[in-house]
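# Remarks on the overall topology
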Amino acid sequence: MASIPVIGFVLFGLIPLVLTLAMAFMYVPGIGNIEEAEFVGLDNFKEVLSDHMFWQSITNTLKMAISLPICIVVALVVAFLLTKNIKGRSFFRAVYFVPYVCCAVAVSLMWELIFNQNHGIINSWLGLTRQTAIPWLTDSSTYTLCLIIIGIWGGTAYGIVLYGAALTNVNKSLYEAAKVDGAGSFRCFFNITLPSVSPTSFYLLTTGLIGALQEFTRPQMIGGGQGAGPNNDGLTIVFYIYRRAFEYNNQMGQAAAAALVLAVFILSITAVNFIVSKRWVSYD
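What you see is a predicted model; the values in this text were computed from it and never measured. (Residues numbered from 1 in each chain as written. Predicted model: local features only at pLDDT ≥ 70, side-chain atom pairs only at ≥ 80, totals over all residues. Heavy atoms only, no water.)

Let us now look at the side chain of Asn60. With respect to the helices and strands, Asn60 occurs in helix H3 (residues 52-64). A relative accessible area of 3% places Asn60 in the buried class. If near-sequence neighbours (up to four positions away) are discounted, Asn60 is found in contact with Asn232, Asp233, Gly234 and Leu235. (Helix = DSSP H or I, 4+ residues; strand = E, 2+ residues; numbered from the N terminus. Buried < 20%, exposed > 50% of the residue type's maximum accessible area, 1.4 Å probe, protein only. Contact = heavy atoms within 4.5 Å.)

What follows is the structure in structure tokens.
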């Protein structure tokens, strides 16, 4: 029984990983022609690291990742409020969880309609006409902001669920002792609640960073009619790799090199996150 997932990992995980490592140092003349590959050393890495589009993709990805800390803060606040004795608490929990289970492609298309310049509901709410409508998805000044808003809407739900579970496990005697000592609500929140849920915050931050650095669906689906948004503002690192591999000719090796650079980048950030976490994460 254990062999089934192992075989799946070998076929769809290990073998592609080994091939990617090999192709990163080779010139591969198109998809399906790996047998004609030639060893080129570090040429693929030099080409990728000297490409300004690669560095723009990193900048775009980091801009979109701004939604991550906002998601964490909003999720903690909403989860904290849902622990209170309010009417319809179960209903609100279900409503807030809906974005997490929705298909990312469907969500992207939904928001594309909402931000549409000609018949989008946002411009309609603002009372703008076709002549004065804001080009949300075709203007560089608003395009990234739209992606951040979509990321917050879709990424908060998971944090609410995890924080909700973490908050219910906080030792209530700590709050009682703090109140006896004269601590107010804010002091209890910052001195008891935040340290108690810090492992959950660390988990959300780590997994969120890994996911944010692999952003692909939103900018691909919401391209403003230009594939990667206006002025390539929607070109993320993974989107850059995708283009190198499948849209440009004979660049599979460079795509593999870019993927390897991304893997090292994610590994480095995750390692730093674990090291820094020792200063603020409490497991007591």
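On to the nonpolar core. One finds Phe54 and Tyr240 to be the most contacted residues of the largest nonpolar core, which totals 24 residues. At the level of secondary structure, the elements contributing two or more residues to this core comprise helix H2 (43-49), H3, helix H13 (237-247) and helix H14 (252-277). Considering each element in turn, this core owes the most residues, seven residues, to H14. Residues within four places of Tyr240 in sequence aside, it is in contact with Val48, Asp51, Met53, Phe54, Ser57, Leu235 and Ala258. One finds Tyr163, Ala166, Tyr175 and Phe189 within the second-largest nonpolar core, a separate group that totals 20 residues. (Core = buried A, V, L, I, M, F, W, Y, C linked by side-chain atoms within 4.5 Å.)

Here we take up the state of the cysteines. Per the stated rule, a full pass over the model turns up zero disulfides. The thiol of Cys71 is not disulfide-bonded; the next cysteine sulfur, from Cys102, is found 15 Å away. The thiol of Cys102 is not disulfide-bonded; the next cysteine sulfur, from Cys103, is found 8.6 Å away. Judged by its relative accessible area of 33%, Cys102 falls in the partly exposed class. (Disulfide = S-S within 2.5 Å.)

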